[in-house]
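# Chains, contacts and geometry: an overview
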Amino acid sequence: DAKTTQPPSMDCAEGRAANLPCNHSTISGNEYVYWYRQIHSQGPQYIIHGLKNNETNEMASLIITEDRKSSTLILPHATLRDTAVYYCIVRVRETSGSRLTFGEGTQLTVNP
Amino acid sequence: DVKVTQSSRYLVKRTGEKVFLECVQDMDHENMFWYRQDPGLGLRLIYFSYDVKMKEKGDIPEGYSVSREKKERFSLILESASTNQTSMYLCASSMQGWSTDTQYFGPGTRLTVL
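Now for a look at the structure at hand. (Residues numbered from 1 in each chain as written. Chains lettered and ligands numbered in written order. Predicted model: local features only at pLDDT ≥ 70, side-chain atom pairs only at ≥ 80, totals over all residues. Heavy atoms only, no water.)

## Concerning the overall build of chain A
A count of helices and strands for chain A gives zero helices and nine strands. Along its sequence from the N terminus, chain A presents helices and strands in the succession β-β-β-β-β-β-β-β-β. The C-alpha radius of gyration of chain A comes to 13 Å, within 12% of the 13 Å expected for a compact globule of 112 residues. Viewed in the frame of its principal axes, chain A has a C-alpha envelope of about 40 × 30 × 25 Å. Taking all 112 residues of chain A together, 45% fall into the buried category. Intrachain contacts of chain A at a sequence separation of at least 6 include 58% that bridge at least 24 residues. Entry remark: accessible area of chain A is about 5,700 Å², with carbon and sulfur atoms responsible for 48%. (Helix = DSSP H or I, 4+ residues; strand = E, 2+ residues; numbered from the N terminus. Rg over C-alpha atoms; globule rule 2.2 N^0.38 Å. Buried < 20%, exposed > 50% of the residue type's maximum accessible area, 1.4 Å probe, protein only. Contact = heavy atoms within 4.5 Å. Areas by Shrake-Rupley, 256 points an atom, 1.4 Å probe, with all protein chains shown as cover.)

## Points about the environment of Y34(A)
Examined against the element boundaries, Y34(A) turns out to sit in strand β3 (residues 31-38). A C-alpha to C-alpha distance of 7.7 Å links Y34(A) and I47(A), two positions 13 residues apart in sequence.

## Quick look at the nonpolar core
Generally speaking, a soluble globular protein has its nonpolar side chains buried in company with each other. Residue and element names in this part refer to chain A. Residues L20, W35, L73, L75, Y86 and L108 are the most contacted members of the largest nonpolar core, which totals 21 residues. Residue assignment for this core shows that the elements contributing at least two residues are β2 (18-23), β3, β4 (45-50), β6 (61-64), β7 (70-75), β8 (84-92) and β9 (106-111). Among the elements that line this core, the one with the most residues is β8, at four residues. Among residues more than four places away in sequence, those in contact with L75 are R16, A17, A18, L20, M59, A60, D82, Y86 and L108. (Core = buried A, V, L, I, M, F, W, Y, C linked by side-chain atoms within 4.5 Å.)

## Things to note about the sheet that holds strand β3 (residues 19-25) of chain B
All names here are of chain B. Read across the open sheet, the four strands follow the order β1-β3-β8-β7; overall the sheet is antiparallel. Each edge of the open sheet carries a strand with a single partner, namely β1 (4-6) and β7 (64-70). Averaged over neighbouring strand pairs, the angle between their axes works out to 20° when direction is ignored. Pairing of β7 with strand β8 (residues 73-78) involves five bridges; the strand directions are antiparallel. Bridging across to β8, Y64 finds its partner in L78. (Pairing = 2+ DSSP bridges. Axes fitted to C-alpha atoms, helices over the stretch in contact; angles between N-to-C directions.)

## A look at empty space enclosed by the protein
Rolling a probe over the atoms, with the probe sized like a water molecule, indicates the empty space that remains. The tally for this structure, following the rule as stated, stands at one cavity of 30 Å³ or more. Taken as a whole, the largest cavity spans an internal volume of roughly 30 Å³. Forming the walls of the largest cavity are S41(A), R9(B), Y10(B), M88(B), G108(B) and R110(B). Residue composition of the lining of the largest cavity, grouped by class: two nonpolar, two polar and two charged. (1 Å grid on protein atoms, 1.4 Å probe; cavity = no way out; pocket = protein on both sides within 12 Å on 5 of 7 lines; lining within 4 Å. Points joined across faces, edges and corners; volume = space filled by probe spheres on them. Nonpolar A, V, L, I, M, F, W, Y, C, P; charged D, E, K, R; others polar.)

## Remarks on unusual backbone geometry
The backbone of S41(A) shows a phi angle near 65°, a positive value even though the residue is not glycine. If you trace the backbone, S41(A) turns up in the loop between β3 and β4. Located in the positive-phi region is D28(B), a residue other than glycine, with phi close to 60°. Position of D28(B) relative to the elements: it lies in the loop between β3 and β4 (31-38). When its relative accessible area of 53% is taken as the criterion, D28(B) is described as exposed.

## Description of the sheet that holds β6(A)
Residues and elements named next belong to chain A. Strand order in this open sheet of four strands is β2-β7-β6-β5, and the pairing throughout is antiparallel. If you trace the sheet from one side to the other, it starts and ends with β2 and β5 (55-56), each paired once. Relative to β7, β2 is paired through six bridges, and the arrangement is antiparallel. Bridging across to β7, P21 finds its partner in T72.

## Remarks on the pattern of salt bridges
Residues and elements named next belong to chain B. Within the structure shown, the criterion is met by seven salt bridges over all chains. We note a salt bridge from R44 to D38, for which the minimum N-O separation is 2.9 Å. Here R44 falls in the partly exposed class, since its relative accessible area comes to 24%. (Salt bridge = Lys/Arg side-chain N within 4 Å of Asp/Glu carboxyl O.)

## Notes on the side chain of E31(A)
All names here are of chain A. Inspection of the secondary structure assignment puts E31 in strand β3. No salt bridge is formed by the buried E31; the nearest opposite charge belongs to R68, separated by 6.1 Å. A polar side-chain atom of E31 sits 2.9 Å from the main-chain amide nitrogen of S28. (Lys, Arg positive; Asp, Glu negative; His and termini not counted. Polar contact = N/O pair within 3.5 Å; in protein donor to acceptor, adjacent residues only side chain to side chain.)

Here is the structure:
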């Protein structure tokens, strides 16, 4: 799996958009970008994933650059409950069960 | 919504005790996983199962066993608990096929072995 680099921490004001960057300069053509988050003392939560097109769901948007070497997770209107560690993962999509490996992630703190 | 539940949020056991951690999912997922999460070590896979009665070792299976008698239930067993098994234990499930990498996690069980 390609290595990812994320800032260790970010702050965001409540109600504003939170833009979380992820660098994955060694990504290969068949690797997807996944985002998970983990609120303190809870299990990780899947957010979104994509290959090369931008993706949006009810939780967030994922913007992947044209060269696919970086991506940004956007929480359009951050709330206090979005305070969590956000993990960017790059991996080949597999049909059988396969392990998830989280790096250090970004601690997002949403302030009132 | 997918729901993955774990039998306990917090558990305290003594060294040498046999410990059962239960996980149940309600979305008919084929794949189920047990991880442990420790500060500085991230998420590590203990065992996973891709079908009833099937199991595969993950990265750190020593000291653990699993049981999957029904599709919705995946149990983690610590045969003789030790202090180095104090950790947060996370269960997850996913569909078979191309959606497998979308894993849905339970709330976790924080196990302390004294």
